[in-house]
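# An overview of the molecular structure
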Amino acid sequence: MSDTVERTFIAIKPDGVQRGLVAKIIAVFEQRGYKLVAIKMVCPSREHLEVHYDDLRGKPFFQGLIEFMKSGPIVAMVWEGLDVVRQGRKLLGATNPLESEPGTIRGNFAIDTGRNVCHGSDSVKSAKREIAHWFNNDELCDYTLELKKSIYE
Ligand code: UDP
Ligand code: MG
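These numbers were taken from a predicted model, which means no experiment stands behind them.

## Some thoughts on the sheet that holds strand E3 (residues 74-80)
With antiparallel pairing, the four strands of this open sheet are ordered in space as E2-E3-E1-E4. Whereas interior strands pair on both sides, the edge strands pair on one side only; in this sheet they are strand E2 (35-42) and strand E4 (118-120). If you compare each strand with its neighbour and ignore which way they point, the axes differ by 15 degrees on average. Relative to E4, strand E1 (residues 7-12) runs antiparallel, the two sharing three bridges. Opposite Ala 11, over in E4, you have His 119 as the bridge partner. This element, helix H5 (residues 84-92), spans E1, E3 and E4 of the sheet and lies at about 25 degrees to E1.

## A look at the site of ligand 1
Taken together, Lys 13, Tyr 53, Leu 56, Phe 61, Leu 65, Arg 89, Thr 95, Arg 106, Thr 113, Gly 114 and Asn 116 make up the full set of residues adjacent to ligand 1. Measuring from an oxygen atom of ligand 1, one finds a side-chain N or O atom of Thr 95 at 2.4 Å. Residue Thr 113 places a main-chain N or O atom 3.0 Å away from an oxygen atom belonging to ligand 1. Taken together, the residues that form the shell around ligand 1 break down as four nonpolar, four polar and three charged.

## Comments concerning the packing of aromatic side chains
Per the stated rule, a full pass over the model turns up three aromatic pairs. Taking 5.1 Å as the distance between ring centres and 25 degrees as the angle between the ring planes, the aromatic pair formed by Phe 9 and Trp 134 counts as stacked. Pair noted here: Phe 9 is in strand E1 and Trp 134 is in helix H7 (residues 124-134), with a separation of 125 residues, a long-range link. The class for Trp 134 is buried, based on a relative accessible area of 6%. Their ring planes at 65 degrees and their centres at 6.4 Å tell us that Phe 9 and Phe 135 sit as a pair that is edge-to-face. Of this pair, Phe 9 sits in strand E1 while Phe 135 sits in the loop between H7 and helix H8 (148-151), placing them 126 residues apart in sequence. Relative accessible area serves as the criterion here: at 5%, Phe 135 is assigned to the buried category. Put simply, the rings of Phe 9, Trp 134 and Phe 135 pair up and form one aromatic cluster. Its guanidinium or amino end placed over the ring of Tyr 143, Lys 35 lies 4.8 Å from that ring's centre, counting from NZ or CZ.

## A few points about the UniProt feature "active site" (unreviewed entry) in the protein
Sequence positions flagged by UniProt for "active site" (unreviewed entry) are, in local numbering, His 119. One can find His 119 in strand E4. In this view, His 119 contacts Phe 9, Ile 10, Ala 11, Lys 13, His 52, Tyr 53, Leu 92, Arg 106 and Glu 130; residues no more than four positions away in its chain are not counted.

## Considering the UniProt feature "binding site: ATP" (unreviewed entry) in the protein
Under the UniProt annotation, the feature "binding site: ATP" (unreviewed entry) is placed at Lys 13, Phe 61, Arg 89, Thr 95, Arg 106 and Asn 116. One can find Lys 13 in the loop between E1 and helix H1 (14-18). According to the relative accessible area criterion, Lys 13 is buried, its value standing at 7%. Excluding its chain neighbours within four sequence positions, the residues that come into contact with Lys 13 are Tyr 53, Met 69, Pro 73, Ile 74, Arg 106, Asn 116, Val 117, Cys 118 and His 119. One can find Asn 116 in the loop between helix H6 (105-109) and E4. Of the residues examined, Asn 116 reaches a relative accessible area of 2% and is grouped as buried. Sequence-distant contacts of Asn 116, that is, excluding residues within four places in its chain, are made with Lys 13, Asp 15, Thr 95, Pro 97, Arg 106 and Ala 110.

## Let's talk about the side chain of Ser 126
One can find Ser 126 in helix H7. Among the polar contacts listed, one links the side chain of Ser 126 to the side chain of Asp 122, at a separation of 2.5 Å.

Definitions and cut-offs
Residues numbered from 1 in each chain as written. Chains lettered and ligands numbered in written order. Predicted model: local features only at pLDDT ≥ 70, side-chain atom pairs only at ≥ 80, totals over all residues. Heavy atoms only, no water. Pairing = 2+ DSSP bridges. Helix = DSSP H or I, 4+ residues; strand = E, 2+ residues; numbered from the N terminus. Axes fitted to C-alpha atoms, helices over the stretch in contact; angles between N-to-C directions. Contact = heavy atoms within 4.5 Å. Near = heavy atom within 4 Å. Polar contact = N/O pair within 3.5 Å; in protein donor to acceptor, adjacent residues only side chain to side chain. Nonpolar A, V, L, I, M, F, W, Y, C, P; charged D, E, K, R; others polar. Phe/Tyr/Trp six-rings, centres within 6.5 Å; stacked < 30°, edge-to-face > 60°. Buried < 20%, exposed > 50% of the residue type's maximum accessible area, 1.4 Å probe, protein only. Lys NZ or Arg CZ within 6 Å of the ring centre and 35° of its normal. UniProt positions renumbered as here; feature names shortened; annotations may be inferred.

Now the structure itself:
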């Protein structure tokens, strides 16, 4: 069970919050067996969002993306478990919801790329950077998921 400490940053975007998808998106990760180690609702500054999306600076959609992400609260979370970064991306579906498989979060709940309801880290390296950007260490809860023996062999 050594790799179960991998963590990813998942954020429910303003459209996901407005559409009442918070509980549904959390349930996808809970039901898969991942462990929630941090969660908060936040209204981040423009600068905070620009640093979060630093790799996209210069893209034509960048300003619109930042404006949209500033339009309402976001639910920021850290999830932990085996292969959670890659599996989190699979649970989200493709960036363009029209390319997302039915059954994924975006494939079930979204149509437009700019309203794809949820963010997920794209690599373990990005996850580490994003978790440190959104959470202080004392916001990451250290506890044992008692179900673990029922989820991992
Ligand atoms: N985005 C957009 N238009 C595009 C590409 C991306 O509005 O052509 C938005 C979309 O909301 C996406 C976010 O920018 O989720 C970040 O883009 P990225 O390529 O990192 O996609 P993700 O990692 O979220 O799947
Ligand atoms: Mg991305």
